[in-house]
Amino acid sequence: MEIGLIRPVCEPSLEGSYGINLKLRASLRSVRGIVVLMIESWVINDDSPVPVSPAVALEALRSRIASGQLETWLTSSSGRSLAFVTNTDRAMVILLEEEGDPGEHAVDPGAEGVSDGFVLSNGEGDEYPDEDTAPIHEAFELVEHIVGTGSWPADTRWVVDR
């Protein structure tokens with residue numbers, strides 16, 4: 001298969017807003033066709049239903065943490081969920097494929113100790129082994145990458161909980 005040109009194309013959605021699709025022109029032997037790559041979008045669950053960019057997701061996380069909201073859930077257009085729970089020093093970052101999925105979470109191998117102060121939206125306080133959480137600055141980078149690409153960064157360590 002030969003890969004030709006990738007170009008962004010703005011197309012109106014059914015709601016009248018515009019989204020960007022990437023169209024990939026490809027050929028297989030003498031057959032030509034266009035493959036449309038859908039880009040996954042993410043929304044913050046209890047905020048606006050408008051998809052957020054990676055930068056806006058980080059800004060929202062920081063704002064929510066500053067106001068005492070230490071748990072944030074994002075949902076993708078494909079039905080996946082991304083959970084972020086912090087104690088302001090470390091964060092648990094969990095990626096779930098669908099509702100009810102145990103998911104997978106970022107880990108910090110070799111980290112020692114247990115941290116508390118992870119306050120959930122229902123008021124419950126949790127504690128986690130530090131190896132099951134990431135330093136807050138790394139957790140922000142993970143969320144930014146997942147919202148931007150849909151996957152963990154290549155150099156990230158994570159555990160599948162399924």
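Keep in mind that this is a model prediction, so the values were computed, not measured.

### Re the side chain of Arg64
- With respect to the secondary-structure elements, Arg64 resides in helix α1 (residues 54–66).
- Separated by 3.2 Å, the side chains of Arg64 and Asp46 make a polar contact.

### Quick notes on the confidence of the model for the protein chain
- Summing up the model confidence of the protein chain, the mean pLDDT is 82 and the portion of residues at 70 or higher is 76%.
- Low confidence marks residues 1–31, where pLDDT is under 50. Its contacts with residues over four positions away, or in another chain, come to 53 contacts.

### Remarks on the pattern of salt bridges
- Taken as a whole, this structure holds seven salt bridges when the rule is applied.
- The closest approach of N and O atoms between Glu40 and Arg80, which form a salt bridge, is 2.7 Å. Of the two residues, Glu40 sits in the loop between β3 (31–37) and β4 (42–44) while Arg80 sits in the loop between β5 (71–76) and β6 (81–86), which places them 40 residues apart along the sequence.
- What makes Glu40 partly exposed here is its relative accessible area of 21%.
- We note a salt bridge from Glu104 to Arg162, for which the minimum N-O separation is 2.9 Å. On the criterion of sequence distance, the pair formed by Glu104 in strand β8 (residues 104–106) and Arg162 in the segment after β12 (158–160) is long-range, its members being 58 residues apart.
- Owing to a relative accessible area of 48%, Arg162 belongs among the partly exposed residues under this scheme.
- It is possible to trace a salt-bridge network through shared partners that takes in Glu40, Arg80 and Glu97.

### Focus: the nonpolar core
- If you look at the biggest cluster of nonpolar residues, it comprises 25 residues, and the most contacted ones within it are Leu74, Leu82, Phe84 and Val93.
- Mapped onto this core, the elements with two or more residues apiece are β4, α1, β6, β7 (90–96) and α2 (136–149).
- Here this core gets seven residues from one element, more than from any other, and that element is α2.
- For Val93, the contacting residues outside a window of four places in its chain are Leu82, Ala83, Phe84, Glu104, His105, Ala106, Ala139, Leu142, Val143 and Trp152.

### Focus: α2
- Under the 1.5 Å per step criterion, the end-to-end length of α2 is 20 Å for 14 residues, consistent within 8% with the ideal 20 Å.
- The set of residues buried in α2 consists of Ile136, Ala139, Phe140, Leu142, Val143, Ile146 and Val147. Buried residues of α2, viewed axially, fall in a sector of 160°; they line one side.
- Just downstream of α2 lies Gly150, where phi reads positive at about 85°.

### Considerations on the layout of surface pockets
- Considered as a void within the structure, the second largest pocket measures approximately 210 Å³ in volume.
- Every residue along the wall of the second largest pocket is listed here: Ala106, Val107, Asp108, Pro109, Ala134, Glu138, Glu141, Leu142, Pro153, Asp155, Thr156 and Arg157.
- When residues in the lining of the second largest pocket are grouped by element, the largest group, three residues, is from α2.
- Here the lining of the second largest pocket is composed, by residue class, of six nonpolar, one polar and five charged.

### Considering the pairing of strand β10 (residues 125–129)
- Across the two faces of β10 the burial differs, with Asp126 and Tyr128 buried and Gly125, Glu127 and Pro129 not buried at all.
- From the end of strand β9 (residues 114–119) to the start of β10, which pair antiparallel, there are five residues, and Gly123 there has a positive phi angle of about 90°.

### With respect to the packing of α1 against α2
- Packing of α1 against α2 brings their axes to within 8 Å, and their N-to-C directions diverge by 140°. Relative to α2, α1 is oriented oblique. Between α1 and α2 lies a crossing whose hand is right-handed. From α1, Pro54, Ala57, Leu58, Leu61, Arg62 and Ile65 reach across to α2, where they touch Ile136, Phe140, Val143, Glu144, Val147 and Gly148.
- Class assignment of the residues belonging to the contact of α1 with α2 gives a composition of nine nonpolar, one polar and two charged.

Rules and cut-offs
- Residues numbered from 1 in each chain as written.
- Predicted model: local features only at pLDDT ≥ 70, side-chain atom pairs only at ≥ 80, totals over all residues.
- Heavy atoms only, no water.
- Helix = DSSP H or I, 4+ residues; strand = E, 2+ residues; numbered from the N terminus.
- Polar contact = N/O pair within 3.5 Å; in protein donor to acceptor, adjacent residues only side chain to side chain.
- pLDDT = per-residue confidence, 0-100.
- Contact = heavy atoms within 4.5 Å.
- Salt bridge = Lys/Arg side-chain N within 4 Å of Asp/Glu carboxyl O.
- Buried < 20%, exposed > 50% of the residue type's maximum accessible area, 1.4 Å probe, protein only.
- Core = buried A, V, L, I, M, F, W, Y, C linked by side-chain atoms within 4.5 Å.
- Expected span 1.5 Å × (residues − 1).
- Arc of directions from axis to C-beta.
- 1 Å grid on protein atoms, 1.4 Å probe; cavity = no way out; pocket = protein on both sides within 12 Å on 5 of 7 lines; lining within 4 Å.
- Points joined across faces, edges and corners; volume = space filled by probe spheres on them.
- Nonpolar A, V, L, I, M, F, W, Y, C, P; charged D, E, K, R; others polar.
- Pairing = 2+ DSSP bridges.
- Axes fitted to C-alpha atoms, helices over the stretch in contact; angles between N-to-C directions.
- Parallel < 35°, antiparallel > 145°, perpendicular 65-115°, else oblique.
- Left-handed = near helix turned anticlockwise from the far one by under 90°.

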